[in-house]
Amino acid sequence: MTTAKTPDPLAQEFVAFAVEAGVLRFGEFKTKAGRLSPYFFNAGLFDDGAKLGRLAQFYAQRLIASGLQFDMIFGPAYKGITLAAALSIELARLGHNKPFAYNRKEAKDHGEGGTLVGAPVQGRVLIIDDVISAGTSVRESIAMITAAGATPCGVTIALDRQEKAVENGVDSPKSAVQYVTEQLHLPVIAIAGLSDLLEFLKTTSDVRVTAHAAAVQAYRDRYGV
């Protein structure tokens, strides 16, 4: 007999926050893979100090609880830049002062030059992003970190969509997060996943949101891993 999975309090709190902040929306949205998704997570809408600070608290809590050891944070351009800065501030507030760096999309030929900005990239480097869609950003980050002589040690994201990746237009049996874990050998620490979102939809008292539970479950049944 299988026992029901106990809801993760931090994940439930995060999903509620993302819905309230308008970052997690419901309707019909086309994904990069061309699928019609019943929900959309847009981390660019953590767009004021209060929301970004709260987001950083969730990342920090999840990372500290994970026990992952890292020396610095790397945020791939563009969304990763504010995430890395916000997480660095929150970790320092909690007594874990970690340097951070990020990349430019375009190399600079004056001033300090190069594509990396911020603290020297060295030691064990944690990559931060909002989601992992195809793993491209992670692979590019790994290349920049290793080229600098440092070691990528993990990836932290806000939401794991827990859905099959698409390769050359065909559904893969694995998700992009599983690809990073199994092929790139990096642990992925997510604040919440699609399973947590479904749990929230089934238990919240907000009828505007619960109305979307069936559509999200159907999407999970079709594309989930």
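What you see is a predicted model, and the numbers here were worked out from it, not measured in a lab.

1. Topic: the overall build of the chain
Right, so step 1: Scanning the chain from terminus to terminus reveals 8 helices and 10 strands.
Right, so step 2: Relative to a compact globule of 225 residues, whose C-alpha radius of gyration would be 17 Å, the chain shows 18 Å and is just as compact.
Right, so step 3: Projecting the C-alpha coordinates of the chain onto the three principal axes gives extents of approximately 55 × 40 × 35 Å.
Right, so step 4: In the chain, buried positions account for 46% of the 225 residues.
Right, so step 5: In the chain, the share of contacts with a sequence separation of at least 24, taken over all contacts with a separation of at least 6, comes to 69%.

2. Considering the packing of aromatic side chains
Right, so step 1: A full pass over the atoms with the stated rule returns 9 aromatic pairs.
Right, so step 2: Residues Phe17 and Phe58 carry aromatic rings whose centres are separated by 5.6 Å and whose planes lie at 25° to one another, so their mutual orientation is stacked. Placement of Phe17 in helix α1 (residues 9-20) and of Phe58 in helix α2 (residues 49-66) is noted, with a sequence separation of 41 residues between them.
Right, so step 3: With a relative accessible area of 14%, Phe17 lands in the buried category.
Right, so step 4: Every member of this aromatic cluster is reached through a ring pair, and the members are Phe14, Phe17, Phe41, Phe46 and Phe58.
Right, so step 5: Over the ring of Phe70 we find Lys98, and its NZ or CZ is 5.1 Å from the ring centre.

3. Structural notes on the pattern of salt bridges
Right, so step 1: All told, the structure shown has 12 salt bridges when counted by the stated rule.
Right, so step 2: Of the charged contacts, one joins Asp206 and Arg208 as a salt bridge, the two residues approaching to 2.9 Å between their closest N and O atoms.
Right, so step 3: Residue Asp206 is classed as partly exposed on the basis of its relative accessible area, which comes to 23%.
Right, so step 4: Three or more residues joined by partner-sharing salt bridges are found here, namely Arg35, Arg161, Glu163 and Asp171.

4. Looking at the packing of α2 against helix α3 (residues 79-93)
Any two packed helices are characterised by how steeply their axes cross, that is the angle between the axes, and by the distance between the axes.
Right, so step 1: Following both chains from N to C, one finds α2 and α3 inclined at 65°, their axes separated by 8 Å at the closest point. Put simply, α2 runs roughly perpendicular to α3. Between α2 and α3 lies a crossing of right-handed hand. Of the residues in α3, those in contact with Leu52, Leu55, Ala56, Gln57, Tyr59, Ala60, Leu63 and Ile64 of α2 are Thr82, Leu83, Ala86, Leu87, Glu90, Leu91 and Arg93.
Right, so step 2: Class assignment of the residues belonging to the contact of α2 with α3 gives a composition of 11 nonpolar, 2 polar and 2 charged.

5. A word on the UniProt feature "binding site: orotate" (unreviewed entry) in the chain
Right, so step 1: Taking the UniProt record as the reference, the feature "binding site: orotate" (unreviewed entry) is found at Phe40, Phe41, Ser133 and Arg161. Of the residues just listed, which span 122 residues, no C-alpha pair is farther apart than 12.5 Å, and they cluster in one region. Checked against the lining of the largest pocket, the annotated residues reduce to Phe40, Phe41, Ser133 and Arg161.
Right, so step 2: Its location among the elements puts Phe40 in strand β2 (residues 36-41).
Right, so step 3: Structurally, Ser133 is set in the loop between β6 (124-128) and α4 (136-147).
Right, so step 4: Setting aside residues no more than four positions away along its own chain, Ser133 makes contact with Lys32 and Ala176.

6. Observations regarding the pairing of β2
Right, so step 1: In this sheet, β2 lies alongside strand β1 (residues 24-30) in antiparallel orientation, the contact comprising 5 bridges. When the bridges of β2 are listed, Arg25 appears paired with Phe40.
Right, so step 2: Between the end of β1 and the start of β2, which pair antiparallel, lie 5 residues, with Gly34 showing a positive phi angle near 90°.

7. Points about the nonpolar core
Right, so step 1: Residues Phe14, Leu24, Phe26, Phe41, Leu55, Leu87 and Leu197 are the most contacted members of the largest nonpolar core, which totals 46 residues.
Right, so step 2: What Leu87 contacts, discounting residues up to four positions off in sequence, is Ala56, Tyr59, Ala60, Leu63, Ile73, Leu126 and Ile128.
Right, so step 3: Residues Val121, Val125, Val138 and Ile145 belong to the second largest nonpolar core, which totals 18 residues.

8. Notes on the layout of surface pockets
Right, so step 1: In this structure, the largest pocket spans a volume of roughly 1,000 Å³.
Right, so step 2: The wall of the largest pocket is formed by 40 residues, among which Lys32, Val131, Ile132, Ser133 and Ala134 lie closest to the centre.
Right, so step 3: Secondary structure elements with two or more residues in the lining of the largest pocket: β1, β2, α3, β4 (100-108), α4, β8 (164-167) and α5 (176-182).
Right, so step 4: By residue number, the principal contributor to the lining of the largest pocket is α4, which donates 6 residues.
Right, so step 5: In terms of residue class, the lining of the largest pocket is built from 17 nonpolar, 11 polar and 12 charged.

Quick notes on the rules
- Residues numbered from 1 in each chain as written.
- Predicted model: local features only at pLDDT ≥ 70, side-chain atom pairs only at ≥ 80, totals over all residues.
- Heavy atoms only, no water.
- Helix = DSSP H or I, 4+ residues; strand = E, 2+ residues; numbered from the N terminus.
- Rg over C-alpha atoms; globule rule 2.2 N^0.38 Å.
- Buried < 20%, exposed > 50% of the residue type's maximum accessible area, 1.4 Å probe, protein only.
- Contact = heavy atoms within 4.5 Å.
- Phe/Tyr/Trp six-rings, centres within 6.5 Å; stacked < 30°, edge-to-face > 60°.
- Lys NZ or Arg CZ within 6 Å of the ring centre and 35° of its normal.
- Salt bridge = Lys/Arg side-chain N within 4 Å of Asp/Glu carboxyl O.
- Axes fitted to C-alpha atoms, helices over the stretch in contact; angles between N-to-C directions.
- Parallel < 35°, antiparallel > 145°, perpendicular 65-115°, else oblique.
- Left-handed = near helix turned anticlockwise from the far one by under 90°.
- Nonpolar A, V, L, I, M, F, W, Y, C, P; charged D, E, K, R; others polar.
- UniProt positions renumbered as here; feature names shortened; annotations may be inferred.
- 1 Å grid on protein atoms, 1.4 Å probe; cavity = no way out; pocket = protein on both sides within 12 Å on 5 of 7 lines; lining within 4 Å.
- Pairing = 2+ DSSP bridges.
- Core = buried A, V, L, I, M, F, W, Y, C linked by side-chain atoms within 4.5 Å.
- Points joined across faces, edges and corners; volume = space filled by probe spheres on them.

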